[in-house]
Amino acid sequence: MTKQIPVRNPRTGRTDYEITALDAAAVTEIADRLRAAQPSWAGQPVEHRIAVLSAFKEAVARRRDELIRLLEADTGRHQVSVLEVDAVLSGIDRASGFAAEVFAPAGLAATGDPSVRTTGDLVAYPVVAAISPWNFPLQLALIDAVPALLAGSAVILKPSEMTPRFIPALRECVAEVAGLGDVFAVVEGDGATGAAMIEASNAVCFTGSVGTGRAVARAAAERFIPAFLELGGKDPAVVTASADLDSAASAILWGSTINSGHACMSIERVYVDRRVADEFVETLAAKAGRVRLAHPEPADGEIGPIITGAQADTLREQLDDAVARGARIRTGGEIELIDGGSYLRPTVLTGVDHSMRLMREETFGPIIPVMAYDGADEAVALANDTEFGLSAAVFAGTLEEALPIAHRMDAGGVSVNDVCLTGMVPEAEKNSFKMSGLGASRMGPPSVRRFLRRRALLVREAAGPRPWYYDAAE
Ligand code: NAD
């Protein structure tokens, strides 16, 4: 049975929208329809799929303002909504380039046996389930769906039930492109809908929390289907004594508070060489104090509302725990309730250590704990002292100093002299390490290739018996 799910507005705290969550029967029906259409989609040359996705991009571009407005309503922030829609537009072009590369024709290749040559077919998983979170609702909805479609799979996509207001407009974009709706369905629903999608699909892409990721991996394992998981993070930044402290502070402030800190690859821990730690903290705190709340209008400032009351509670609990254990709040620190929305200004803390929850658990808020270190070995040890391994950042005056530290980070992507580059440079292949994820890269050509199985064709060219045939000696 379908069910209605109320949706809360993060700016007002009021429920002002609802979705119809699909049940398992409805999901199965859609997956069956997609599966029936997929062979002819996959049977077309990749140029056809690129052309269809290009028309989809045009449809998204035509609705750019509408999508930004709806994302603003979903999340309460403006600047990131603009970035999101624009990233989707450029992302379709980039993914199309990767697809062209993946499907570049390859002839028969020689093997170690002089009379055997080999080639292969790329066979797309028929139906891919894409399940996405609320924090970048549109971009993370499409980041896997677009490459999967280019690979030749059909896709059933379910964005988060917490930020679903953009779904009808996205469906309109799909409907405007001839043939795309046959292989691409965008559905509304919650965890139960997501679970049903895994049962009805041949591969699953999941972006979300570690806890749900574990349930998704388990369900996929039961069915022997691949699960590509992109999960949480606790990204560190290391700042050495030779770094340009002013630009490191600007980058880290942005990287910690982007999207109100609701970003998997946001900087959640900062380690600074003790010799420059005080100067760095002064610079960072001064810059943090100038960041504005996105209120009363979403476009008025940088920091939007905390997405839910539960998330605000997590931030408060982590701050209380840190302060109780001796941390000192240098800026921000108070959850402010304004017109029904909860806000936290950029919160810089010192006096932190790894006994504190906010140094160990994912925070997902605009909180910047800064800890001093003595020597590169200690910086690396502290940065790697986490169950997560999504990404990291290193700031130093020279590459000779930065790169050896970067190479020792136990994380899938390291930005040098900047932050969050992993999320902004689709060409850079990366994997998520440790509890931050599983499976092939969603960046670069593997973003497309991971939806393709390879069927090897092995051609014996010279006829006649082989020495190992039973009748070879006759
Ligand atoms: P979540 O795990 O609560 O939900 C994510 C999605 O999973 C939602 O669409 C939800 O409906 C669905 N879902 C819930 N239960 C399910 C089940 N049993 N089977 C299938 N689907 C189910 O995550 P969230 O709170 O929406 O997102 C925040 C988390 O996402 C954070 O941990 C963040 O770090 C992570 N994240 C990771 C990345 C990345 O690229 N690594 C990017 C963004 C967010």
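On a predicted model such as this, the values are computed, not experimentally measured, just so you know.

**Some words on the overall build of the protein**
In terms of helices and strands, the protein carries 17 helices and 22 strands. Whereas a compact globule of 474 residues would reach a radius of gyration of roughly 23 Å, the protein reaches 24 Å, a difference of no more than 12%. For the protein, the C-alpha atoms occupy an extent of roughly 85 × 55 × 40 Å along the three principal directions. The 474 residues of the protein split such that 54% are buried. Summarising the internal contacts of the protein: among those between residues at least 6 apart in sequence, 70% fall at separations of at least 24.

**What to know about the UniProt feature "domain: Aldehyde dehydrogenase" (unreviewed entry) in the protein**
Per the UniProt record, "domain: Aldehyde dehydrogenase" (unreviewed entry) is found at residues 3-454. Helix makes up 44% of residues 3-454 and strand 21%, and the two end C-alpha atoms of the span are 40 Å apart.

**Overview of the sheet that holds strand 22 (residues 452-460)**
Strand order in the open sheet made by the three strands is 3-4-22, with antiparallel pairing throughout. Across the chains shown, the open sheet's two edge strands, defined by having one partner strand only, are strand 3 (109-110) and strand 22. Across two bridges, the pairing between strand 3 and strand 4 (residues 116-124) is antiparallel. Looking at strand 4, one finds that A110 is bridged to R117.

**Brief notes about the domain arrangement of the protein**
Where the parts come together, the accessible area they lose is often given as the size of the interface. Per the domain assignment, the segments making up the protein are domain 1 (3-231 + 436-458) and domain 2 (235-423). Spacing between the C-alpha centres of domain 1 and domain 2 amounts to 31 Å. Taken together, the 22 residues of domain 1 in the interface contact 31 residues of domain 2. For the domain 1 and domain 2 pair, buried surface summed over both sides reaches about 2,000 Å², with 56% attributable to carbon and sulfur atoms. Looking only at domain 1, the three residues that lose the most surface to domain 2 are R11, W134 and S436, adding up to 30% of its buried area. Applying the counting criterion to the domain 1 and domain 2 interface returns zero salt bridges. Put simply, domain 1 and domain 2 have ten residue pairs in polar contact (both at pLDDT 80 or more) between them. Within the residue set of the side of domain 1 that touches domain 2, elements represented by two or more residues are helix 3 (64-75) and helix 4 (79-102).

Calculation criteria
- Residues numbered from 1 in each chain as written.
- Predicted model: local features only at pLDDT ≥ 70, side-chain atom pairs only at ≥ 80, totals over all residues.
- Heavy atoms only, no water.
- Helix = DSSP H or I, 4+ residues; strand = E, 2+ residues; numbered from the N terminus.
- Rg over C-alpha atoms; globule rule 2.2 N^0.38 Å.
- Buried < 20%, exposed > 50% of the residue type's maximum accessible area, 1.4 Å probe, protein only.
- Contact = heavy atoms within 4.5 Å.
- UniProt positions renumbered as here; feature names shortened; annotations may be inferred.
- Pairing = 2+ DSSP bridges.
- Domains from an automatic or database assignment.
- Buried area = accessible area lost by both parts, 1.4 Å probe.
- Salt bridge = Lys/Arg side-chain N within 4 Å of Asp/Glu carboxyl O.
- Polar contact = N/O pair within 3.5 Å; in protein donor to acceptor, adjacent residues only side chain to side chain.

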